[in-house]
Amino acid sequence: MATTDSIPQSTDRILAGVALMLGFCLTAPLLDVAAKLASASVPVGQITAARFVVQCALMAPFIWIMGLSLRVARGQLMVLALRSVLLVFATFCFIAAIRVMPLADALAIVFVAPFIVLLVGKFYLDEDVGPRRVGAALVGFVGVLFVIQPSFAAFGAVAIIPLGTAVAFAFYILVTRGLSRRMHPVALQFHTGLIASLFCIPMLMVAQGSGSELFDPIWPTDIALLWLLGAGFFATVSHMMMTYALSFAPSATLAPLQYFELPVATLFGYLVFSDFPNMLSLLGIVIIISAGLYMIHRERVTARRLVTARAAPPI
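Since this is a predicted model, take the numbers as computed values, not measurements.

Novice: I keep staring at the overall build of the protein chain and nothing clicks. Help me out?
Specialist: What the protein chain contains, in helices and strands, is 12 helices and zero strands. Listing each helix as α and each strand as β along the protein chain from the N terminus yields α-α-α-α-α-α-α-α-α-α-α-α. Radius of gyration (C-alpha) of the protein chain: 20 Å, near the 20 Å computed for a compact globule of 315 residues. Based on the C-alpha atoms only, the size of the protein chain along its principal axes is roughly 75 × 50 × 35 Å. Taking contacts inside the protein chain between residues at least 6 apart in sequence as the whole, the part at least 24 apart equals 87%. Entry remark: accessible area of the protein chain is about 15,400 Å², with carbon and sulfur atoms responsible for 72%. Across the protein chain, the mean location of the 18 positive side-chain charges is 12 Å away from that of the 13 negative side-chain charges.

Novice: How should I be thinking about the side chain of Thr192 in this particular structure?
Specialist: As for its position among the elements, Thr192 is in helix α8 (residues 185-207). Accessibility expressed as a relative area gives 1% for Thr192, which makes it buried. Polar side-chain contacts of Thr192 include one of 2.4 Å to the side chain of Arg83. Beyond its immediate stretch of four places on either side in the chain, Thr192 contacts Gln55, Leu80, Arg83, Ser84 and Leu87.

Novice: When you look at unusual backbone geometry in this model, what are you seeing that I'm missing?
Specialist: Residues apart from glycine generally show negative phi values, whereas peptide bonds are mostly found in trans. We note that Ser274 has phi near 60 degrees; this positive angle belongs to a residue other than glycine. The residue Ser274 is located in the loop between α11 (261-273) and α12 (279-311) in this model.

Novice: Just to check I follow, could you spell out the packing of α8 against helix α9 (residues 222-248) for this structure?
Specialist: Geometrically, a packed helix pair is captured by the angle between its two axes and the distance between the axes. Packing of α8 against α9 leaves a shortest axis separation of 10 Å and a crossing angle of 145 degrees. Where α8 crosses over α9, the two elements pack in a sense that is right-handed. Of the residues in α9, those touching α8 at Pro185, Val186 and Gln189 are His239, Met240, Thr243 and Tyr244. Across the contact of α8 with α9, the residue classes break down as four nonpolar, three polar and no charged.

Conventions adopted
Residues numbered from 1 in each chain as written. Predicted model: local features only at pLDDT ≥ 70, side-chain atom pairs only at ≥ 80, totals over all residues. Heavy atoms only, no water. Helix = DSSP H or I, 4+ residues; strand = E, 2+ residues; numbered from the N terminus. Rg over C-alpha atoms; globule rule 2.2 N^0.38 Å. Contact = heavy atoms within 4.5 Å. Areas by Shrake-Rupley, 256 points an atom, 1.4 Å probe, with all protein chains shown as cover. Lys, Arg positive; Asp, Glu negative; His and termini not counted. Charge placed at Lys NZ, Arg CZ, Asp CG, Glu CD. Buried < 20%, exposed > 50% of the residue type's maximum accessible area, 1.4 Å probe, protein only. Polar contact = N/O pair within 3.5 Å; in protein donor to acceptor, adjacent residues only side chain to side chain. Axes fitted to C-alpha atoms, helices over the stretch in contact; angles between N-to-C directions. Left-handed = near helix turned anticlockwise from the far one by under 90°. Nonpolar A, V, L, I, M, F, W, Y, C, P; charged D, E, K, R; others polar.

This is the structure we're talking about:
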């Protein structure tokens, strides 16, 4: 995602960006609700495929209306494919987890992804990351352990699956950083949906009749079909909201708002599934949110120091 921090933003555009990010936090958990409802009768692989097929179908008309080119530079194609595969894996792991886990527990574990991005940036990409932010990331991991522990006792090894989502999504974020600067958001969403669909559908065809609980596709009932369409619809709408929010307002302004998704997911999980995190999980969620907000605060402090240093006259 292209950062807008260095571009002056009007108050109206910043407010629009904030509104869109809050819209993302309200609609993204509906994707999780629809996927969890569908998972009662539909294999996880089929739900994952439906999510991307619907996204591709929804984006296709906008490609035509907006007159966007479908051509992709040769150098971008492999990056797009990698981005799509990472998102498929992240989606599959998350849906596999929420089949049995509360939404809030699984989502809280996934929120370790920004900490992974930070640590990868420091130790593998040689980015300038201070010890306080590294410490905040490690505290965030401790919070994840608080969430995993009771979930592991209740659901077994499935409680670890959201970590797969977190790792895949962290690298998805890293890949998206550069790609989004060179592609229109609508085209990026369309190609991601298309490539992911081309990856998922053959897997379902191979699994047809295999009896696999995760991959063998079925013909969904009317209500299950509605949940499948809902998962794709809310995934597309929520991610487009976040994409445009980041084009309207600085990422530093919007980043703290993303944590609003956790209480929303907790509320939906309670209202729809009567799920509510226990006290240990709630403590872990509080630790994760606190560590994440502190890390964002330190990033802002570092950014201000860099701006001040650049603006200072030479001695």
